[in-house]
Amino acid sequence: MEQKGVTIWFTGLSGAGKTTISQQVEIKLREKGYKLEVLDGDIVRTNLTKGLGFSKEDRDENIRRIGFVSNLLTRNGVIVIVSAISPYRAIREEVREKIGNFVEVFVNAPLSVCEGRDVKGLYKKARSGEIKLFTGISDPYEPPTNPEIECRTDLEELEESVNKVLQSLEKLGYLSQPVAV
């Protein structure tokens, strides 16, 4: 199967559902034999971008590095699934321009919903001041102005969000065979 490379970039607040949706998209694509790589923000931070902090400059550098790897893979026919908060619009646009085949997925849930899902207790620590520069609390999140896909995880079931992503990839010509259920 000939495959077109693309970066599927999941962005949104911590707890919005980026990793959950991207993992299901990964499973569906692998079942159909697509060649892909996953770059999850948490895993990348412990390997590729170790040593970077959470200042705006460090966050931008983190996204640039993820974007660099994504671009290499994409241009070699790999589907790249990126799941990273990536809070700043300008750096996401910079990465989009460099990669070209780029699909932005805004995983959107209200802050209150994300806080309610906070299994790691990060929002609680941010609210108490224990964590500084936390996206959505003491540091901004700039939502995409025109994402290819928006998943409203407070209003949609997981399967609905996953199918929305897969159907959009099909319509955009990145999938050679139907995957959505």
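Refer to the structure above for everything that follows.
Conventions used here
- Residues numbered from 1 in each chain as written.
- Predicted model: local features only at pLDDT ≥ 70, side-chain atom pairs only at ≥ 80, totals over all residues.
- Heavy atoms only, no water.
- Phe/Tyr/Trp six-rings, centres within 6.5 Å; stacked < 30°, edge-to-face > 60°.
- Helix = DSSP H or I, 4+ residues; strand = E, 2+ residues; numbered from the N terminus.
- Buried < 20%, exposed > 50% of the residue type's maximum accessible area, 1.4 Å probe, protein only.
- Lys NZ or Arg CZ within 6 Å of the ring centre and 35° of its normal.
- Lys, Arg positive; Asp, Glu negative; His and termini not counted.
- Salt bridge = Lys/Arg side-chain N within 4 Å of Asp/Glu carboxyl O.
- Contact = heavy atoms within 4.5 Å.
- Pairing = 2+ DSSP bridges.
- Axes fitted to C-alpha atoms, helices over the stretch in contact; angles between N-to-C directions.
- Expected span 1.5 Å × (residues − 1).
- Arc of directions from axis to C-beta.

Engineer: Which residues make up the packing of aromatic side chains, and what values do they have?
Structural biologist: Under the criterion given, the structure shown has three aromatic pairs. Ring geometry for Tyr123 against Phe134: centres 4.9 Å apart, planes inclined by 80°, an arrangement best described as edge-to-face. Of this pair, Tyr123 sits in helix α6 (residues 122-127) while Phe134 is found in the loop between α6 and β5 (149-152), placing the two residues eleven residues apart along the sequence. Given a relative accessible area of 1%, Tyr123 falls into the buried group. The ring of Tyr88 carries the charged tip of Lys56 above its face, separated from the ring centre by 4.4 Å.

Engineer: Outline the side chain of Asp40, listing residues and values.
Structural biologist: Mapped onto the elements of the fold, Asp40 is located in strand β2 (residues 36-40). Buried charged residue Asp40 carries no salt bridge. Nearest counter-charge: Lys120, at 7.0 Å. The contacts of Asp40, once residues within four sequence positions are left out, are Thr19 and Ser83.

Engineer: Please give an account of the sheet that holds strand β1 (residues 6-11) that cites residues and values.
Structural biologist: Read across the sheet, five strands follow the order β2-β3-β1-β4-β5 without closing on themselves; strand pairing throughout is parallel. In this open sheet, the two strands that pair with only one neighbour each are β2 and β5. When the angles between neighbouring strand axes are averaged without regard to direction, this sheet yields 15°. Where β1 and strand β4 (residues 102-108) come together, five bridges link them in parallel fashion. Each residue of the ladder has a partner; that of Phe10, found in β4, is Val105. Seen against the sheet, helix α3 (residues 56-74) touches β1, β2 and β3 (79-83) and runs at an angle of roughly 150° to β1.

Engineer: Please give an account of helix α1 (residues 18-31) that cites residues and values.
Structural biologist: A rise of 1.5 Å per residue sets the reference length of α1, with its 14 residues, at 20 Å; its end C-alpha atoms lie 20 Å apart and thus fit the reference within 8%. Of all the residues in α1, the buried ones are Lys18, Ile21, Ser22, Val25, Glu26 and Leu29. Relative to the axis of α1, the buried residues are bounded by an arc of 140° and lie together on one face. Looking at the buried side of α1, the elements it contacts are β1, β2, β3, β4, β5 and α7 (158-171). Within two residues after α1, Gly33 carries a phi angle of roughly 85°, on the positive side.

Engineer: Describe helix α4 (residues 89-99), listing the residues and the values that go with them.
Structural biologist: Restricting attention to buried positions, one finds in α4 the residues Ile91, Arg92, Val95, Arg96 and Ile99. Down the axis of α4, the smallest arc covering the buried residues is 145°, so these residues share one side. Exposed side chains of α4 directed beyond 90 degrees from the buried face belong to Ala90, Glu97 and Lys98. Where α4 is buried, its residues contact β1, α3 and β4. Downstream of α4 by one or two residues, Gly100 has phi in the positive range, about 85°.

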